[in-house]
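Read off the chains here:
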Amino acid sequence: GDGVITPPNSVLGALNTPVLTLSVQWVVVIAVVLLIITFALQRLGSKVIGQVAGPFMVVWFLTIGGLGLYRIVEKPELARMVATGFNPYCVYKWFFTGSFRGWLAFKSLAGVVLCVTGAEALYADMGHFGAGPITAAWFFLIYPCLILQYVGQAMVIVTHPEAVNGNPFYYTAPPSLLWPVSILAVVAAIMASQALISGCFSILTQAHALEFIPRILVLHTNPDEKGQVYIPEANWILMVACILVTVAFQTSNNLAGAYGIAVTGAFILTTLMLWWVLRNVWKLNLPIALLIILPMLIVDIVFWSANMMKLFSSGWVPIAMAVFLFLVMNTHNWGRKQEHALYEHQAEEEARSLAFETGGAGLSPVLTEHGRMNIICTAPGLLSMLGSGMLSRADTAGIFLTAREGRVPPSVRMLACAMGSLPKTIVLLHVKFANTPFVPEGDRYSFEALDVDLGLYSITMSFGYAEPLTATRFDVHATLGRIAKDKVKLHPALASLVPAATSRRAFTQEGNLSGTLMEEVEGPAIEEEDDPEGEPQHAQVRVTYVATQKTFAPDSARHSFSKLRVRLYSHIVSSGRPSLHFFGLMQQEALEVSRIIFL
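All values reported here derive from a predicted model rather than from experimental measurement. (Residues numbered from 1 in each chain as written. Predicted model: local features only at pLDDT ≥ 70, side-chain atom pairs only at ≥ 80, totals over all residues. Heavy atoms only, no water.)

Trainee: What should I look at first to understand the overall build of the protein chain in this one?
Mentor: Along the protein chain, the regular secondary structure elements total 21 helices and 10 strands. With 599 residues in all, the protein chain has 44% of them scored as buried. Contacts in the protein chain between residues far apart in sequence, at least 24 positions, make up 73% of those at least 6 positions apart. Accessible surface for the protein chain amounts to roughly 30,300 Å². Of this, 65% is attributable to carbon and sulfur atoms. (Helix = DSSP H or I, 4+ residues; strand = E, 2+ residues; numbered from the N terminus. Buried < 20%, exposed > 50% of the residue type's maximum accessible area, 1.4 Å probe, protein only. Contact = heavy atoms within 4.5 Å. Areas by Shrake-Rupley, 256 points an atom, 1.4 Å probe, with all protein chains shown as cover.)

Below is the structure:
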């Protein structure tokens, strides 16, 4: 919820300036336009945005620090009085002996926490910039400037109590500087939104790697930093959500409750994750871990509980978002585990069937006792099916996309059952991404001829996480052509893949961050060599990419709640990027085979 609420709250708050005397409706229109610009800029990446935003944010913090210092120099006696608030005894006095002691003091924490909002983004953005730059910027620039600004605001409220009803920040600026400061504040709000949006991208990338969300396109915008990513789907969904929140709540005051709950909720979760790291990664003993965690957790819970009093005004928004996302992510992770368990069970059954055949038990690994074709999910099972002679082999080549190395996708069995035949040349193709920006060409692929006579091959391609930036390299089709060229002398059956894969006009789905037509990619031409008898060695045949479109249905033995989870999982999976689109194969001859899987 923080990533959805922070951008509208920041922009609406910045537009709450004395120089902008517009109706609420026009302020909302301006805020929506600024949000659209903010999200449109995300595709440039953190590196490019940082080159612009970095110097500007330095100017911004020096400006707000300078405004606070201006008020301090203007009235040093008042500044000394305000500075007594740094004495911890004032906290005790505020809660237990002051005019607003007790319940009123506790309620005030819902507003006090707004002074520290944004701190939660520091951890989310750690992957983008690293701990060192964030720590240095905080202690040497941001924190001192914030302290000076808040002292200046406190002085303004003492001398001008009416400032409480407006935005005390603008009262720290001289009247002649209101317009420049207002413009700076609006731009700073956009930059602050950028930090939360980038943090959302980082978290979603990790969720994707851990199989909590379906397949999405993760674009690495900086080959030198793995954590700097851009996710088109998430960007536009966030934009729509932010616009809806802006239109619904219209002012930053109306969003205060939602903002406070989102931020303090992030505080608590971050502290709990730190607890897990202390105990499970750093292996600290229980007393030391409690000594570190309890003070932070108590403060977080106190702030969070104070904001929960605004639950029914706007605080329900981040909670509803959190519940929805938890349901989706938990269901997807559960469904993936169910899929893996089903595959393991099928692989065991297949291995048992093959063992019976080898032992002479007279059982067919291809057909069931009812004459139906068995589930084929491993390479040995596929070899047994191809070697049985039950299927005709068409004079074509089929590239079957598989999610895991060595796994036979369901599309193979589906085609065999429906058509009674399979391509003469079958390639099981798996694409994986390494933890390095670029993969050397020598490590680009692994190749295995599972059975030359049966025309079965397995290829695993490897790409670095930053290679989508280089459109001519992140190209599954052209890479397959280069692999075929390397292996065609030893495996003539692959000859059909060479001309089809290396001479074409290539398209990219968004892999080069432009979504436009790539330059023509011409692979190395293969000159046809004649065999000793004078006949051409390489005959060109039809090459088809085959992908599996999975639809999940609940097994009849499941109870009602599990059936609902299976149906929800099926909808979640169908919302992910199709594999043919993800790998840029939509312009090739391709076939998508639908398969219903009972979980």
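Trainee: Can you help me understand the sheet that holds strand β3 (residues 392-401) in this one?
Mentor: Within a sheet, each strand pairs with its neighbour through backbone hydrogen bonds, oriented either parallel or antiparallel. Overall, mixed pairing links the six strands, which are arranged β5-β6-β4-β3-β9-β10 in an open sheet. Bordering the open sheet on either side are β5 (445-451) and β10 (590-598), each of which pairs with just one other strand. Neighbour-to-neighbour, the strand axes of the sheet open up by a mean angle of 25°, direction not taken into account. Examined bridge by bridge, strand β9 (residues 543-553) and β10 share nine bridges and lie parallel to one another. Its bridge partner being in β10, Ala 553 is matched across the sheet by Phe 598. Here helix α16 (residues 379-387) sits on the sheet in contact with β3, β4 (421-433), β5 and β6 (456-463), set at roughly 170° to β4. (Pairing = 2+ DSSP bridges. Axes fitted to C-alpha atoms, helices over the stretch in contact; angles between N-to-C directions.)

Trainee: Whenever I open this one, the pairing of β9 confuses me. Can you help?
Mentor: Residues in a regular strand project their side chains so that they alternate between the two faces of the sheet. With eight of 11 residues buried, β9 lies mostly within the body of the structure. In this sheet, β9 lies alongside β3 in parallel orientation, the contact comprising four bridges. For Ala 397, the partnering residue across the bridge sits in β9 and is Val 543.

Trainee: I'm lost on the packing of aromatic side chains in this one. Help?
Mentor: Two descriptors summarise a pair of aromatic rings, namely the distance from one centre to the other and the angle between the planes of the rings. Taken as a whole and judged by the stated rule, the model has 12 aromatic pairs. For the ring pair Trp 103 and Phe 106, a centre distance of 5.7 Å and an interplane angle of 35° mean the geometry is tilted. Of this pair, Trp 103 and Phe 106 both sit in helix α6 (residues 103-112), separated by three residues, roughly a single helical turn. Note on Trp 103: relative accessible area 53%, which makes it exposed. Here the aromatic cluster, defined as three or more aromatic residues joined through ring pairs, consists of Trp 60, Phe 169 and Tyr 170. Here the basic side chain of Arg 215 rests over the ring of Phe 582, its NZ or CZ set 5.7 Å away from the ring centre. The ring of Tyr 343 has Arg 407 lying over it, and the distance from NZ or CZ to the ring centre is 3.6 Å. (Phe/Tyr/Trp six-rings, centres within 6.5 Å; stacked < 30°, edge-to-face > 60°. Lys NZ or Arg CZ within 6 Å of the ring centre and 35° of its normal.)

Trainee: Before we go on, may I ask you to explain helix α18 (residues 476-487) in this structure?
Mentor: Because an α-helix completes one turn every 3.6 residues, residues spaced three or four positions apart along the sequence face the same direction. Between its first and last C-alpha atoms α18 spans 17 Å; for 12 residues at 1.5 Å apiece the expected length is 16 Å, and the two agree. Taken together, the buried positions of α18 are Val 476, His 477, Ala 478, Thr 479, Leu 480, Gly 481, Ile 483 and Ala 484. (Expected span 1.5 Å × (residues − 1).)

Trainee: Please clarify how the environment of Ala 195 should be interpreted in this entry.
Mentor: Assignment of secondary structure puts Ala 195 in helix α11 (residues 178-209). The sequence separation of Ala 195 and Thr 6 amounts to 189 residues, and the corresponding C-alpha distance is 9.8 Å.

Trainee: Would you explain the pattern of salt bridges in this entry?
Mentor: Think of it this way: side chains of opposite charge can pair up when their charged atoms draw near. Per the counting criterion, the structure on display carries 10 salt bridges. Salt-bridge contacts for Arg 80 lead to Glu 77; the nearest nitrogen and oxygen are separated by 2.1 Å. Highlighted residues: Arg 80 and Glu 77, both in helix α4 (residues 76-83), separated by three residues, approximately one helical turn. When the shortest N-O distance is used, the salt bridge between Glu 339 and Lys 550 registers 2.9 Å. (Salt bridge = Lys/Arg side-chain N within 4 Å of Asp/Glu carboxyl O.)

Trainee: Could you clarify how one ought to interpret the environment of Leu 20 in this entry?
Mentor: Along the chain, Leu 20 falls in the loop between α1 (2-14) and α2 (24-40). Placed 162 residues apart in sequence, Leu 20 and Ser 182 show a C-alpha to C-alpha distance of 8.8 Å.

Trainee: Honestly, helix α12 (residues 232-249) in this entry has me stumped. Any pointers?
Mentor: With 18 residues, α12 should reach 26 Å at 1.5 Å per residue; the first-to-last C-alpha distance of 26 Å fits that figure. Taken as a whole, α12 has its buried residues at Pro 232, Ala 234, Asn 235, Leu 238, Met 239, Cys 242, Ile 243, Val 245, Thr 246 and Phe 249. Taken down its axis, α12 places every buried residue within 165° of arc, on the same side. Pointing more than 90 degrees away from the buried face of α12 are the exposed residues Ile 237, Leu 244 and Ala 248. A positive phi of about 70° marks Gln 250, the residue just after α12. (Arc of directions from axis to C-beta.)

Trainee: What exactly am I supposed to notice about the environment of Met 296 here?
Mentor: Within the element layout of this structure, Met 296 appears in helix α14 (residues 286-307). According to the relative accessible area criterion, Met 296 is partly exposed, its value standing at 35%. Along the sequence, Met 296 and Phe 267 sit 29 residues apart, while their C-alpha atoms lie 9.0 Å from each other. With residues up to four places along the chain from it excluded, the contact list for Met 296 reads Thr 271 and Leu 274.

Trainee: For this particular structure, what's the right way to read the nonpolar core?
Mentor: One recurring pattern in soluble globular proteins: nonpolar side chains tend to sit buried together. Of all hydrophobic cores here, the largest spans 93 residues; its most connected members are Trp 60, Phe 61, Leu 429, Met 461 and Leu 497. In terms of residue count, α11 provides more of this core than any other element does, 13 residues in total. The residues touching Met 461, leaving out its near neighbours within four places in the chain, are Leu 429, His 430, Val 431, Lys 432, Arg 444, Tyr 445, Val 476, Thr 479, Leu 480 and Ile 483. Grouped together as the second largest cluster of nonpolar side chains are 17 residues, Ile 376, Leu 391, Phe 400 and Leu 428 included. (Core = buried A, V, L, I, M, F, W, Y, C linked by side-chain atoms within 4.5 Å.)

Trainee: What's the story with the confidence of the model for the protein chain in this structure? I'm lost.
Mentor: Residues shown with low pLDDT carry predicted positions that ought not to be read at fine detail. Mean pLDDT over the protein chain stands at 82; residues scoring 70 or higher make up 85%. Least confident of the elements in the protein chain is strand β8 (residues 521-522), whose mean pLDDT is 34; most confident is β5, at 93. Across residues 360-364, confidence stays below pLDDT 50; counting only partners more than four residues off in sequence or on other chains, it has six contacts. (pLDDT = per-residue confidence, 0-100.)

Trainee: Explain a nonpolar patch on the surface to me, please; I cannot follow it from the model alone.
Mentor: Where nonpolar side chains cluster on the molecular surface, the patch consists of Leu 22, Trp 26, Val 29, Val 33, Ile 37, Leu 41, Leu 44 and Val 48 and spans about 690 Å² of accessible area. Here the nonpolar patch gets four residues from one element, more than from any other, and that element is α2. Here Leu 41 lies in the loop between α2 and α3 (45-74). When its relative accessible area of 37% is taken as the criterion, Leu 41 is described as partly exposed. (Patch = residues over 30% accessible without salt bridge, like charges linked within 9 Å, V, L, I, M, F, W, Y side chains within 5 Å.)

Trainee: What am I meant to see in unusual backbone geometry here?
Mentor: Trans peptide bonds make up most of the peptide bonds, and negative phi angles are found at most residues other than glycine. Non-glycine residue Gln 250 carries a positive phi angle of around 70°. Along the polypeptide, Gln 250 turns up in the loop between α12 and α13 (252-280). Overall, Gln 250 belongs to the partly exposed group, its relative accessible area being 31%. At Lys 283, a position not held by glycine, the phi torsion is positive, near 60°. Look at Lys 283 and you get exposed, because its relative accessible area is 60%.

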